[in-house]
Amino acid sequence: MGCISCAIPIFLRPTIIRSPPLKLPFYTFRRRTAAAAAYSALPSSEREEIRSPELVARQYADLNLSDKFCEEVGHVRIRQHVNPLRSTLMIPVEPPDWNAVYEDATLPLMVDIGSGSGRFLLWLAKNNPASRNYLGLEIRPKLVTRAEHWVNELALKNIHFIFANATVSFEQLVSTYPGPLILVSILCPDPHFKKKHHKRRVVQKPLVESIVRGLVPGGQIFVQSDIADVALDMRDYFDAESEKLVHIDTVDPNMVCDNEGWLINNPMGIRTEREIHAESEGSRMFRRMYQKQR
């Protein structure tokens, strides 16, 4: 008896497509392996919980934003990577009328560069209504529209979001603000992994210099990332301003660092969404905080 497959016309035979094996960068493979091991060790009830978006929802539950979506935007799908060097994004934005934006435009200002969904800044604004103002700069316009919708829903008068490329707009914005700039945060910025795209990273020498110029003496800069290469890149830029900046542990012994100089704890009182997701996957957060010398 001959082979059965030989009796079947070639065009009717099933085709088996073999995909090449997926190759992950070693650091990604190691991180995922560690996260998977930690995940497997959890009880089944906790496994289900850690996989759920409820991790973020519980962190920001008191904002009660789960069912509040802007009709203009609907459910926002976040575009993870935006090229800030695109010509349409290289035009500085005009500063708003600060007195129309804030109830008291003389309050100290915190600026969050790359504010994302805005939940982190909204939580801070709601829990510190009279002590400072908050400004979120975000390069994805739909996120800004939705965040401003939430600001109105919560009736907050000490927070505002602007669609802006911080690289070209930061100095023009903060230089017109009536009050003092006391804190700038850059939290888990877009890593732009490819070396040829490193020029797209938000932390570059011109922005660092603008931040340092804008801060009042005693003002602070908080940066963090779950990507070691990005964190080291930001650290190098801000460490280069050592004549004007000192790391926070040199002036505040309560801000404890590990033996590599990274802050052990988040000093903000709440984690960002990215921070929650990264830590739930077993990733480490690399944090630095600087203070401008008097």
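Everything below is about the structure printed above this text.
Keep in mind that what you see is a predicted model, and the values were worked out from it rather than measured.

1. What about the pattern of salt bridges?
- Tallied over the full model, the rule gives 12 salt bridges.
- Between D239 and R288 there is a salt bridge whose closest N-O contact spans 3.1 Å. With a gap of 49 residues between them, D239 in helix 9 (residues 228-239) and R288 in strand 7 (residues 286-292) connect regions that are remote in the sequence.
- Looking at D239, the relative accessible area reads 30%, which means it is partly exposed.
- The class of R288 is buried, set by a relative accessible area of 7%.
- A salt bridge links R287 to E275; the shortest N-O distance between them is 2.8 Å. In this pair, R287 sits in strand 7 while E275 sits in helix 10 (residues 273-280), placing the two residues 12 residues apart along the sequence. Per residue, the accessibility class of R287 equals that of E275, and both read buried.
- Because the salt bridges share partners, they merge into one network encompassing R271, E275, E279 and R287.

2. Focus: helix 10
- Within the sequence span of helix 10, burial applies to E275, I276 and A278.
- Remark: G282 follows helix 10 within two positions and exhibits a positive phi of approximately 90°.

3. A look at the sheet that holds strand 6 (residues 245-247)
- Spatial strand order, 3-2-1-4-5-7-6: seven strands in an open sheet with mixed pairing. Edge strands, defined here as strands with exactly one partner in the open sheet, are strand 3 (159-163) and strand 6. On average, adjacent strands in this sheet sit at an angle of 20° to one another, irrespective of strand direction.
- Of the pairings in the sheet, the one linking strand 4 (residues 181-187) to strand 5 (residues 215-225) comprises six bridges and is parallel in character. When the bridges of strand 5 are listed, L181 appears paired with L215.
- Across the sheet, helix 7 (residues 166-174) is in contact with strand 1 (109-113), strand 2 (133-138), strand 3 and strand 4; its angle to strand 1 comes to roughly 170°.

How each quantity is defined
Residues numbered from 1 in each chain as written. Predicted model: local features only at pLDDT ≥ 70, side-chain atom pairs only at ≥ 80, totals over all residues. Heavy atoms only, no water. Salt bridge = Lys/Arg side-chain N within 4 Å of Asp/Glu carboxyl O. Helix = DSSP H or I, 4+ residues; strand = E, 2+ residues; numbered from the N terminus. Buried < 20%, exposed > 50% of the residue type's maximum accessible area, 1.4 Å probe, protein only. Pairing = 2+ DSSP bridges. Axes fitted to C-alpha atoms, helices over the stretch in contact; angles between N-to-C directions. Contact = heavy atoms within 4.5 Å.

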